[in-house]
Amino acid sequence: MDYRESLMAQGSQHQRTAGFYGWAREHRQLWLWLTFVLVAIAVELPFLLNNHLFGGWDQQFHVNRIEELYLSAKNGVWHNAISTYTFRGSGLGIQIFYPYVFLYPYAILRLVGLPGIMALYLGNAFYIVASCWISYWCMRVFLKLRAARRPISGAWLFAILYNLSGYMVFNETVRFDLPEAQSMMWYPILFLGLYLTLTEHRRGWLLTTLGATMLVYTHVLSALLAAGMVVVVLAIGWHYLNRWQTWLDLVLTAVATGLLSLPELLGMLGTTKQVTVASPLIGSLAKQAISSFVAVVFGLGNVTKTGLLTHGVTLGTIVLLALVALWIGFRHLDRFGKTLAILSTVLFWMTTKLFPCRFLEHTPINLIQHPWRFYTFISFFVLVAFVLLVDRTQLRFNWQGWIVGLSLLLTMVTGFVYAGVSSLKVSADSYEQFATDANYFDYAPKRSVPRLKAIYAHQAVVFEDGKAISHPHVKMTAQPNGMTIRLPKTASGHQVDLPVFNYGSQHYVVKTDDAKGLHVSVSERGTVQVHVPEGAKRVSIEYHK
């Protein structure tokens, strides 16, 4: 090494160890956690300071689910299969059909004394930080496998941009579909495991199984959507399926995921065998497709306009600009990166009205309800390819810092603008009512749907000789997995249809004040029906799996 080369090496070493960048390298773990916390602050701070809810169209549904877990735990039971404290207290079987495990952090924050609105936003912040760490770890492993020049900075860049991506932030703060936002946390694990499996790395199936199982316990529809995307990825990478070990690992993943998911799926499937339940509406894919103007212009502007037919869903500035960058630097990408860029572009096209979605409305794809759900995968694939492009073009770290800084600023400004211009729906004073009186038909017995208004108003029906003689409103006192009902005088000695949804009569134990058990049947309304003995003033109902 000559004198000039020696000086250059010393200067390079000084840059690595001195000043801000040197400090960042020496305290890498602390720096990572600090930036992950900054991501959570950028997303949630505008809403925490506002201290209101804005009525996202899935918001009341999930807020009631969280409040049910909280009130049930507060009364000594950590799992309430039927909703007796919320959803107007008629025993709607939400928790039977909808995974609830990852809602517990919100309920725990309520248990330690935090107000409801603050618990929601801080719970979101917790998941954002956790998602950043998972994204960082998965991308670092992936980049090391691909012999990237800067796997740590690349993983850091991906973790921040992915968790600031428009669709994830939209689900967390505007639409408030918390399970769908949380499901995006598991895609890096799922697809890292799939990559390991296809590239002949042993034990890749463990990560794939972990990611798939977590998706099932977070959001079943997202798990089905991910399964479909895995099939697409396998079809694209068919040339990797030339070893029996790869097929064995894929089969092992499917079997292990199925077995691990049984505790969640068995209750759901067993109940649907006994009772036909009302499923969420599956509308027209073509009507839910996004106009090309909204998709591009609103997306680039990071605009959310909830009055639009498509609920104002956009991909967001970060991901759209990253997609544009992929095509500008397309020649610098390797085959893997080019495949992701093309796949993402095709998926983006499929979310718009330019794609003939009507031809898919009578296929299993219609189950996704909204074509813009593909934004999940577009965000993930685009940002993976973008990080590969950054690494291959050796973009300097300070430029990556500018990208991250501007993304954080953009997200925070967008949040403040949305919180500032949106009408306030729920304040701290009205939170309790909002969190308990949701009126939904989803997952109610199908025969109950035409009579929901009366059931949710706690209106019973008293029969004599098979004819309804009165329709009294009854007072119901909630308890975990059940309730106590005060009966009117007209109920004594008669058959009574109680305003409690019936998900299989064998699951319900009904007793009078003197502990006398009553035979349970299902009424024409799809509710619990019993014969009330003479003189009985109250009955208690308990649900058992």
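All figures in this text were calculated on a predicted structure; none of them were measured in a lab.

**Comments concerning empty space enclosed by the protein**
And step 1. Applying the stated criterion across every chain yields a total of three cavities of 30 Å³ or more.
And step 2. In this structure, the largest cavity encloses a volume near 90 Å³.
And step 3. In terms of residue count, the dominant contributor to the lining of the largest cavity is helix 7 (residues 116-145) (four residues).
And step 4. Each residue belonging to the lining of the largest cavity can be placed in one class, and the counts come to seven nonpolar, three polar and one charged.
And step 5. Put simply, the second largest cavity is a space of about 60 Å³.

**Digging into the domain arrangement of the protein chain**
And step 1. Structurally, the protein chain comprises domain 1 (26-430) and domain 2 (450-543).
And step 2. Counting from both sides, the interface comprises 22 residues of domain 1 and, opposite them, 20 residues of domain 2.
And step 3. Buried area between domain 1 and domain 2, both sides added, is near 1600 Å², and the carbon and sulfur share of it is 59%.
And step 4. Three residues, I82, S90 and Q274, lead the burial of domain 1 against domain 2; their summed loss comes to 32% of the area buried on that side.
And step 5. For the pair domain 1 and domain 2, the number of links is zero salt bridges.

**Details of the packing of aromatic side chains**
And step 1. Within this structure, the stated rule accounts for 41 aromatic pairs.
And step 2. When the centroid spacing of 5.5 Å and the interplanar angle of 50° are considered together, the rings of F102 and W186 count as tilted. Separated by 84 residues along the polypeptide, F102 in the loop between helix 5 (94-97) and helix 6 (104-111) and W186 in the loop between helix 10 (178-183) and helix 11 (187-198) bring together distant segments of the chain. Each member of the pair F102 and W186 is classed as buried.
And step 3. Measuring from ring centre to ring centre gives 5.3 Å for F158 and Y162, while their planes differ by 10°; the resulting arrangement is stacked. Remark: Y162 and F158 occur in helix 8 (residues 151-163); sequence separation between them is four residues, near one turn of the helix.
And step 4. Of the aromatic side chains, those joined through ring pairs into one cluster are F61, F87, F97, Y98, Y440, Y443 and Y503.

**Focus on the pattern of salt bridges**
And step 1. Enumeration over the complete set of coordinates arrives at eight salt bridges.
And step 2. Between R175 and E180 there is a salt bridge, with its nearest N and O atoms 3.1 Å apart. By the burial criterion, R175 is buried, and E180 matches it.
And step 3. E180 is the partner of R373 in a salt bridge, and the nearest nitrogen-oxygen pair spans 3.2 Å. With a gap of 193 residues between them, R373 in the loop between helix 18 (335-350) and helix 19 (375-392) and E180 in helix 10 connect regions that are remote in the sequence. Each member of the pair, R373 together with E180, is buried.

**Some details on the pairing of strand 5 (residues 495-501)**
And step 1. Here strand 5 lies mainly inside the structure; six of its seven residues are buried.
And step 2. Here strand 1 (residues 461-464) pairs with strand 5 via three bridges, running antiparallel. Its bridge partner lying in strand 5, V462 is registered against V496.
And step 3. For strand 5 and strand 9 (residues 527-531), the ladder comprises four bridges, and the chain directions are antiparallel. Looking across to strand 9, one finds that D497 is bridged to Q529.

**Points about the side chain of R65**
And step 1. Counting through the fold element by element, R65 comes out in helix 4 (residues 59-74).
And step 2. It turns out R65 is buried and unbridged, and the closest side chain with the opposite charge, D177, is 7.0 Å from it.
And step 3. For R65, the side chain forms a polar contact with the side chain of H62, separated by 3.2 Å.
And step 4. Within the local environment of R65, its side chain forms a polar contact with the backbone oxygen of Y98, the two atoms lying 3.4 Å apart.
And step 5. Those residues within four positions of R65 in sequence are excluded, and the remaining contacts are F87, I94, Q95, Y98, P99, Y100, L103 and P179.

**Re the nonpolar core**
And step 1. Of all hydrophobic cores here, the largest spans 128 residues; its most connected members are F191, Y375, F377 and F381.
And step 2. Each residue touching F377, except ones within four places of it in the same chain, is listed here: Y187, F191, L225, A226, M229 and L347.
And step 3. Counting residues in each nonpolar core, the second largest holds 43 residues, with I96, M268, I455 and V532 among its members.

**Notes on a nonpolar patch on the surface**
And step 1. Nonpolar side chains collect at one region of the surface, where W399, W402, L406, L409, V413, V417 and V421 lie side by side and expose about 790 Å² of accessible area between them.
And step 2. Structurally, the position occupied by W399 is in helix 20 (residues 397-421).

**A look at helix 20**
And step 1. For helix 20, which comprises 25 residues, the first-to-last C-alpha distance of 36 Å matches the rise-based estimate of 36 Å (1.5 Å per residue) to within 8%.
And step 2. Three or more residues of helix 20 are buried, namely Q400, V404, S407, L408, T411, G415, Y418 and A419.
And step 3. Buried residues belonging to helix 20 abut helix 3 (28-50), helix 8, helix 9 (166-173), helix 17 (317-328) and helix 19.

**Topic: the sheet that holds strand 10 (residues 538-543)**
And step 1. Pairing within the open sheet is antiparallel, and its five strands lie in the order 3-4-10-6-7. Of all strands in the sheet, those bounded by a partner on one side alone are strand 3 (475-479) and strand 7 (517-518).
And step 2. Summarising the sheet, strand 6 (residues 508-512) and strand 10 pair through five bridges and their orientation is antiparallel. Bridge pairing in strand 10 links V510 to I541.

The rules behind each value
- Residues numbered from 1 in each chain as written.
- Predicted model: local features only at pLDDT ≥ 70, side-chain atom pairs only at ≥ 80, totals over all residues.
- Heavy atoms only, no water.
- 1 Å grid on protein atoms, 1.4 Å probe; cavity = no way out; pocket = protein on both sides within 12 Å on 5 of 7 lines; lining within 4 Å.
- Points joined across faces, edges and corners; volume = space filled by probe spheres on them.
- Helix = DSSP H or I, 4+ residues; strand = E, 2+ residues; numbered from the N terminus.
- Nonpolar A, V, L, I, M, F, W, Y, C, P; charged D, E, K, R; others polar.
- Domains from an automatic or database assignment.
- Contact = heavy atoms within 4.5 Å.
- Buried area = accessible area lost by both parts, 1.4 Å probe.
- Salt bridge = Lys/Arg side-chain N within 4 Å of Asp/Glu carboxyl O.
- Phe/Tyr/Trp six-rings, centres within 6.5 Å; stacked < 30°, edge-to-face > 60°.
- Buried < 20%, exposed > 50% of the residue type's maximum accessible area, 1.4 Å probe, protein only.
- Pairing = 2+ DSSP bridges.
- Lys, Arg positive; Asp, Glu negative; His and termini not counted.
- Polar contact = N/O pair within 3.5 Å; in protein donor to acceptor, adjacent residues only side chain to side chain.
- Core = buried A, V, L, I, M, F, W, Y, C linked by side-chain atoms within 4.5 Å.
- Patch = residues over 30% accessible without salt bridge, like charges linked within 9 Å, V, L, I, M, F, W, Y side chains within 5 Å.
- Areas by Shrake-Rupley, 256 points an atom, 1.4 Å probe, with all protein chains shown as cover.
- Expected span 1.5 Å × (residues − 1).

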